[in-house]
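Residue-level structure breakdown
One-letter residues, chain by chain:
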Amino acid sequence: MLQTTTAPETGIAHPEGVTADEFRAALARLAAGVVLVTAHDPEDGPRGEDVGMTATAFVSVSLEPPLVMVSVRNGSRMDDLLEHQPLWAVSILSESQRHIAGRFAMKGRISDRLLFEDIPYERGEITGAPLVRGALSLLECRTEQRVVAGDHTLVIGRVLRADTPSSESGPLTYFRGRYRFLA
């Protein structure tokens with residue numbers, strides 16, 4: 001017999017018996033690193049537009065070839081851009097960059113142009129995407145594959161360039177719905 005439960009807050013029924021709220025609460029106990037994924041949209045305006053999003057669903061996929069994966073919400077600005085722009089970048093944020101993570105994670109936020117305004121960054125040599133100065137690691141990627149998975153798309157990218165700037169700082173992590181630092 002197939003059992004279905006319904007989450008009163010979300011109204012989403014799951015035939016396998018777990019609600020969206022139960023799933024979210026369970027996975028909030030998994031600590032994750034925090035990254036800023038960026039891309040440059042050359043077709044948006046006379047000089048193009050930089051786009052950024054905070055992500056915690058980011059992992060290494062393969063060493064040969066070097067692949068990483070980021071999960072982006074379907075229909076988001078980043079999803080729409082990465083559908084036609086294969087080049088993107090990742091800045092693995094340090095504990096001192098919590099303000100950057102929060103800024104690019106806001107819902108109903110202001111334009112991306114304003115979000116980048118006072119953040120020190122350089123343009124990627126290969127992608128032209130913003131790479132945040134002071135980040136623990138910087139990656140430039142080219143999309144190899146896109147896989148729709150529920151309400152997100154998994155974007156798998158080949159790492160074309162990796163840099164590990166000298167940094168004594170620790171990583172920014174996300175745990176139980178809050179940004180945290182390693183002790």
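A short tour of the structure in this document, coming up. Fair warning: this is a prediction, and the values are worked out from it, not measured in the lab.

Moving on to the overall build of the protein chain. Along the protein chain, the regular secondary structure elements total four helices and 14 strands. Scored against the burial criterion, the 183 residues of the protein chain give a buried share of 40%. Within the protein chain, counting contacts between residues at least 6 apart in sequence, those at least 24 apart form 58% of the total. When the accessible surface of the protein chain is totalled, it reaches about 10500 Å², and 54% of it is carbon and sulfur.

For helix H2 (residues 77-84), the complete set of buried residues consists of Met-78, Asp-79, Leu-81 and Leu-82. One face of H2 carries all of its buried residues, which in axial projection span an arc of 165°.

Strands sit in the order E3-E13-E14 across an open sheet of three strands; the sheet is antiparallel. Sheet topology places strand E3 (32-33) and strand E14 (178-181) at the edges, where each strand pairs with a single neighbour. Sheet analysis places strand E13 (residues 172-175) next to E14, joined by four bridges and oriented antiparallel. Paired with Tyr-174 across the bridge in E14 is Tyr-179. Each of E13 and E14 is contacted by helix H3 (residues 98-105), which is oriented at about 160° to E14, the strand it contacts most.

Looking now at the environment of Asp-79. Relative to the assigned elements, Asp-79 resides in helix H2. In this structure the C-alpha to C-alpha distance between Asp-79 and Leu-154, which are 75 residues apart in sequence, comes to 9.6 Å. Setting aside residues up to four positions removed in sequence, Asp-79 forms contacts with Val-72, Arg-73, Asn-74, Arg-146 and Thr-153. At 3.0 Å, the side chain of Asp-79 and the backbone nitrogen of Gly-75 are in polar contact.

Our focus in this paragraph is the packing of aromatic side chains. With the rule as written, the count across this model stands at three aromatic pairs. Measuring from centroid to centroid gives 5.7 Å for Phe-116 and Tyr-121, while their planes differ by 65°, and the two rings are edge-to-face. Under the relative-accessibility criterion, Phe-116 is labelled buried at 5%.

The buried count for strand E5 (residues 49-55) comes to seven of seven residues, which makes it a mostly enclosed element. Where strand E4 (residues 35-41) meets E5, seven bridges bridge the pair, whose relative direction is antiparallel. Its bridge partner being in E5, Leu-36 is matched across the sheet by Thr-54.

Conventions adopted
- Residues numbered from 1 in each chain as written.
- Predicted model: local features only at pLDDT ≥ 70, side-chain atom pairs only at ≥ 80, totals over all residues.
- Heavy atoms only, no water.
- Helix = DSSP H or I, 4+ residues; strand = E, 2+ residues; numbered from the N terminus.
- Buried < 20%, exposed > 50% of the residue type's maximum accessible area, 1.4 Å probe, protein only.
- Contact = heavy atoms within 4.5 Å.
- Areas by Shrake-Rupley, 256 points an atom, 1.4 Å probe, with all protein chains shown as cover.
- Arc of directions from axis to C-beta.
- Pairing = 2+ DSSP bridges.
- Axes fitted to C-alpha atoms, helices over the stretch in contact; angles between N-to-C directions.
- Polar contact = N/O pair within 3.5 Å; in protein donor to acceptor, adjacent residues only side chain to side chain.
- Phe/Tyr/Trp six-rings, centres within 6.5 Å; stacked < 30°, edge-to-face > 60°.

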